Amino acid sequence: MRIIALAAALTLPVAALAASGNDWNPPKPTETTKTCKGKRVWDETKKRCVRPRKSSLDQQGLLDAARELAYAGRQQDAQAVLRAMADQQASMVLTYWGYTHRKLGNLKLAQAYYEQALAQDPDNILTRSYMGQGFVEQGKYGAALTQWKEIRARGGDGSWAEASLRSALETGTSHSY
């Protein structure tokens, strides 16, 4: 019966691509992933690779660099950038801590970060998507479906977060960006 309900829920049509802040594309490689090795980021001002704490990047720039490194499979390098973030309790910082730990196989720690992120911002649909994809990877489809429903209830219908979690539920495969 649960499988039938899951299948019925997932057959809802996908809305057209939303353009309001949904990033349907992986991050574009920058000098951070093309040139920098290890726990370094490209500093446009200095025109070289530097440690994240010594960079001139603002907080959004650091978060973008962490996302780019995580997508490139460089989870520990992404975590070095996250460590440089001023507000370790910001929902998106916690989300990427969770994401990188999940990709490193630290599922309990990832879950703890996702829960902290949602405590800061219950409407963070990206966190809900990544958490749900972690549930799919663990075979916890009911918990993943709950997150998918939460994304839709919080206005995320048709977003990348909703579509990627729905796809993970349908295929059993999670997504990286």
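Structure first, text after, so check above.
Residues numbered from 1 in each chain as written. Predicted model: local features only at pLDDT ≥ 70, side-chain atom pairs only at ≥ 80, totals over all residues. Heavy atoms only, no water.

### Brief notes about the pattern of salt bridges
A complete count under the given rule lists eight salt bridges for this structure. The partner of Asp 77 in a salt bridge is Arg 74, with the nearest N and O atoms 2.8 Å apart. No difference in accessibility class separates Asp 77 from Arg 74, as the two residues are buried. Connected through salt bridges with shared partners, the residues Arg 152, Asp 157, Glu 162 and Arg 166 form a single ionic network. (Salt bridge = Lys/Arg side-chain N within 4 Å of Asp/Glu carboxyl O. Buried < 20%, exposed > 50% of the residue type's maximum accessible area, 1.4 Å probe, protein only.)

### Brief notes about the state of the cysteines
This model, assessed by the stated rule, comprises one disulfide. For Cys 36, the disulfide goes to Cys 49, at an S-S distance of 2.1 Å. Looking down the S-S bond of the Cys 36 and Cys 49 bridge, the torsion is -95 degrees, so its handedness is left-handed. In this pair, Cys 36 is assigned in the loop between helix H2 (31-34) and strand S1 (41-43) and Cys 49 in strand S2 (residues 48-50), connecting sequence segments 13 residues apart. (Disulfide = S-S within 2.5 Å. Helix = DSSP H or I, 4+ residues; strand = E, 2+ residues; numbered from the N terminus.)

### Side note on the packing of aromatic side chains
The full count for this structure, using the stated rule, is five aromatic pairs. Ring centres of Tyr 96 and Tyr 130 lie 6.2 Å apart, and the angle between their planes is 65 degrees; this geometry places the pair in the edge-to-face category. With a gap of 34 residues between them, Tyr 96 in helix H5 (residues 91-103) and Tyr 130 in helix H7 (residues 125-137) connect regions that are remote in the sequence. The same class applies to Tyr 96 and to Tyr 130, which are both buried. (Phe/Tyr/Trp six-rings, centres within 6.5 Å; stacked < 30°, edge-to-face > 60°.)

### A few points about the packing of H7 against helix H9 (residues 160-171)
Their axes nearest at 9 Å, the elements H7 and H9 cross at an angle of 10 degrees. The orientation of H7 with respect to H9, classified from their angle, is roughly parallel. Two secondary-structure elements touch here, H7 through Ile 125, Leu 126, Arg 128, Ser 129, Tyr 130, Gly 132, Gln 133 and Val 136 and H9 through Trp 160, Ala 161, Ser 164, Leu 165, Ala 168 and Leu 169. When the residues that make up the contact of H7 with H9 are grouped by side-chain class, the tally is nine nonpolar, four polar and one charged. (Axes fitted to C-alpha atoms, helices over the stretch in contact; angles between N-to-C directions. Parallel < 35°, antiparallel > 145°, perpendicular 65-115°, else oblique. Contact = heavy atoms within 4.5 Å. Nonpolar A, V, L, I, M, F, W, Y, C, P; charged D, E, K, R; others polar.)

### Structural notes on the packing of H5 against H7
At their nearest, the axes of H5 and H7 sit 10 Å apart, and the two run at 20 degrees to each other. With respect to their mutual orientation, H5 and H7 come out roughly parallel. For the element pair H5 and H7, the recorded crossing hand is left-handed. Here Ser 91, Met 92, Thr 95, Tyr 96, Tyr 99, Arg 102 and Lys 103 of H5 lie close against H7, whose contacting residues are Leu 126, Thr 127, Tyr 130, Gln 133, Gly 134 and Glu 137. Residues belonging to the contact of H5 with H7 are distributed by class as follows: five nonpolar, five polar and three charged. (Left-handed = near helix turned anticlockwise from the far one by under 90°.)

### Quick look at the environment of Leu 107
Turning to its location among the elements, Leu 107 is positioned in helix H6 (residues 107-120). Overall, the relative accessible area of 32% leaves Leu 107 in the partly exposed class. Through-space distance from the C-alpha of Leu 107 to that of Phe 135 is 9.3 Å; in sequence the pair is 28 residues apart. Among all residues touching Leu 107, those that are not within four sequence positions of it are Arg 102 and Gln 138.

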